[in-house]
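# Understanding the architecture of this molecule
Each chain, letter by letter, is given below.
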Amino acid sequence: MICFSEIFVQQEYDQIFRKIPIPTSWIDIGCNCGYFTLWLIEQLTKTGLKDFNAMLIEPDPIHGDSIKTIIKKNNLDQKVTYYPKAVSSKEGTVEFIQRDFMFSTLRSVHSSNKQSIKVESISQEQILNNISDIDLLKIDIEGAEFEFIQSYSKVIENSKHVAMEWHSWHSGRGGKKH
């Protein structure tokens, strides 16, 4: 429920959309349960816009049922596509560490004694085949940001706006490890 509170109660994205227009095409990488997309749809509805296209990417299977339920119960099947995959510099299967409190991540970017699960990765070509004209690219991938920037440059280039949560303990460093 922390993610829900951050988006709907604390309104953490409101400030961004005072500076950029509400997108009608977006990709949410590390979408958790899909609440950001629900929030964006609410914002679009307030403006009268009903035509949009969204792609949700979330490798943690814990959130898969919630995402599918949100899509189904809100009749979003034709407008929102969900991929239970990870972004990674490696193609195919990658190791993913599930952790409590929204900190699940790729094993390649954060070592842990926890057992990992295997998840499929998604290529930038697969992403661009789904949405090529991207109004907003939202990224919250718990330390894999540097890897994303290195491996998904075409996705970034095809995005009008990028909103990224940056973690300093990623593989490219840039800050103290927390």
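Preceding this paragraph is the structure being described.
I will try to describe carefully the structure that is included in this document. (Residues numbered from 1 in each chain as written. Predicted model: local features only at pLDDT ≥ 70, side-chain atom pairs only at ≥ 80, totals over all residues. Heavy atoms only, no water.)

Counting across every chain of the model gives 3 salt bridges. Residues D28 and K138 are paired through a salt bridge, measuring 2.8 Å at the closest nitrogen-oxygen approach. Remark: K138 occurs in strand 8 (residues 134–139) and D28 occurs in strand 1 (residues 25–29); sequence separation between them is 110 residues. For the pair formed by D28 and K138, the shared burial category is buried. In this structure, D133 and K160 form a salt bridge, with 3.9 Å as the shortest nitrogen-oxygen distance. Placement of D133 in the loop between helix 4 (124–130) and strand 8 and of K160 in strand 9 (residues 159–164) is noted, with a sequence separation of 27 residues between them. D133 sits in the partly exposed class, given a relative accessible area of 46%. Of the residues examined, K160 reaches a relative accessible area of 52% and is grouped as exposed. (Salt bridge = Lys/Arg side-chain N within 4 Å of Asp/Glu carboxyl O. Helix = DSSP H or I, 4+ residues; strand = E, 2+ residues; numbered from the N terminus. Buried < 20%, exposed > 50% of the residue type's maximum accessible area, 1.4 Å probe, protein only.)

With that settled, the discussion passes to helix 3 (residues 64–73). Turn by turn, an α-helix covers 3.6 residues, leaving residues three or four places apart pointing in a common direction. The set of residues buried in helix 3 consists of G64, I67, I70 and I71. Considered in projection along helix 3, the buried side chains sweep an arc of 135° and stay on one side of the axis. Exposed side chains of helix 3 directed beyond 90 degrees from the buried face belong to D65, K72 and K73. For helix 3, the elements touching its buried residues are helix 2 (35–47), strand 2 (53–57) and strand 3 (80–83). Looking at the residues trailing helix 3, positive phi occurs at N75, about 50°. (Arc of directions from axis to C-beta. Contact = heavy atoms within 4.5 Å.)

In spatial order, the strands read 3-2-1-8-9; together these 5 strands make up an open sheet with parallel pairing. Each edge of the open sheet carries a strand with a single partner, namely strand 3 and strand 9. Within the sheet, the average angular offset between the axes of one strand and its neighbour, ignoring direction, is 15°. Pairing of strand 2 with strand 3, which is carried by 4 bridges, proceeds in the parallel orientation. Along strand 3, the bridge assignment pairs L56 with Y82. Relative to strand 1, helix 2 is tilted by about 160°, and along the sheet it contacts strand 1, strand 2, strand 3 and strand 8. Where helix 3 meets the sheet, its contacts fall on strand 2 and strand 3, and the angle it forms with strand 3 comes to roughly 165°. (Pairing = 2+ DSSP bridges. Axes fitted to C-alpha atoms, helices over the stretch in contact; angles between N-to-C directions.)

Counted under the stated rule, the structure contains 4 aromatic pairs. For the ring pair W26 and F52, a centre distance of 5.5 Å and an interplane angle of 20° mean the geometry is stacked. On the criterion of sequence distance, the pair formed by W26 in strand 1 and F52 in the loop between helix 2 and strand 2 is long-range, its members being 26 residues apart. There is no split in this pair, since W26 and F52 are both buried. Where F36 meets W39, the ring centres are 6.2 Å apart and the plane angle is 25°; that geometry is what we call stacked. Here the residue F36 and the residue W39 both occupy positions in helix 2, the gap between them amounting to 3 residues, near one helical turn. (Phe/Tyr/Trp six-rings, centres within 6.5 Å; stacked < 30°, edge-to-face > 60°.)

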